[in-house]
Amino acid sequence: MSRPYPVPDYELKYPAVSSERERSCYAAVFQDQYAEFLELRQQLGSAQKKLQQLKALLTSLPPPRSQKEAQVAARVWREFEKKRTDPIFLDKQARCRYLKGKLRHLKAQIQKFDNRGDSEGSVYF
């Protein structure tokens, strides 16, 4: 079965863990990138909260009573859209989604290795 989307690079770079050494490397990558993920998530959460508050404020404003008020409201809406679609903001969102997927993958690979180790030496009665 073919995938409709390309395989993320981390799925190819981090196949199943086959040794304790490899597990340690995966865990180190996880720890390093988890810190970046948390920082990005905090930044994005703060920015998204501000954007939501601004949108709520803009939508609650009464209709403009003059041409000047209409122009000001239109300018504020344009600024809002500019911030919401800012390339740096969008890049941070994409990086955060990428890191979330990569961290989930690394964690799963480590857990599979750990679980495999538990069952290989176990004796069932």
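In this text, all values refer to a predicted model and were calculated from it rather than measured experimentally.

Peer 1: Quick one: what's the story with the overall build of the chain, residue by residue and with numbers?
Peer 2: Regarding its fold elements, the chain presents four helices and zero strands. Along its sequence from the N terminus, the chain presents helices and strands in the succession α-α-α-α. The C-alpha atoms of the chain give 23 Å as radius of gyration, which overshoots the globular expectation for 125 residues (14 Å, by more than 25%). Along the three orthogonal principal directions, the C-alpha set of the chain runs to about 80 × 30 × 30 Å. Expressed as a percentage of its 125 residues, the buried residues of the chain come to 19%. Taking the intrachain contacts of the chain between residues at least 6 apart in sequence as the baseline, contacts between residues at least 24 apart amount to 78%.

Peer 1: Tell me about the packing of aromatic side chains, and name the residues and values.
Peer 2: For the structure on display, the rule yields five aromatic pairs. Seen from their ring centres, Trp-77 and Phe-80 are 5.6 Å apart, and the 90° between their planes marks the pair as edge-to-face. Here Trp-77 pairs with Phe-80, and both are found in helix α3 (residues 67-84), just three residues apart, close to one helical turn. Chaining the aromatic ring pairs together yields one cluster made of Phe-30, Tyr-34 and Phe-37.

Quick notes on the rules
- Per chain, residues are indexed from 1 in the order of the written sequence.
- Given that the model is predicted, a residue must reach a pLDDT of at least 70 before its local features are reported, and side-chain atom pairs must reach 80 or more before they are shown or counted; all residues, however, enter totals for whole chains, interfaces and linings.
- Derived side-chain values reflect all non-hydrogen atoms in the structure, with water molecules and hydrogen atoms excluded from consideration.
- In this text, helices come from DSSP runs of H or I with a minimum length of four residues, and strands from runs of E with a minimum of two, each type numbered from the N-terminal end.
- In this treatment the radius of gyration is a C-alpha quantity, and the globule benchmark scales as 2.2 Å times the residue count to the 0.38 power.
- Exposed residues in this analysis have more than 50% of their type's maximum accessible area, buried residues have under 20%, and partly exposed residues fall in between, with area computed by a 1.4 Å probe over protein chains only.
- Between two residues, a contact is recorded if the distance between any of their heavy atoms is within 4.5 Å.
- A pair of aromatic rings is counted whenever rings of Phe, Tyr or Trp (Trp by its six-membered ring) have centres within 6.5 Å, and the orientation is called stacked for planes under 30 degrees apart, edge-to-face for over 60 and tilted otherwise.

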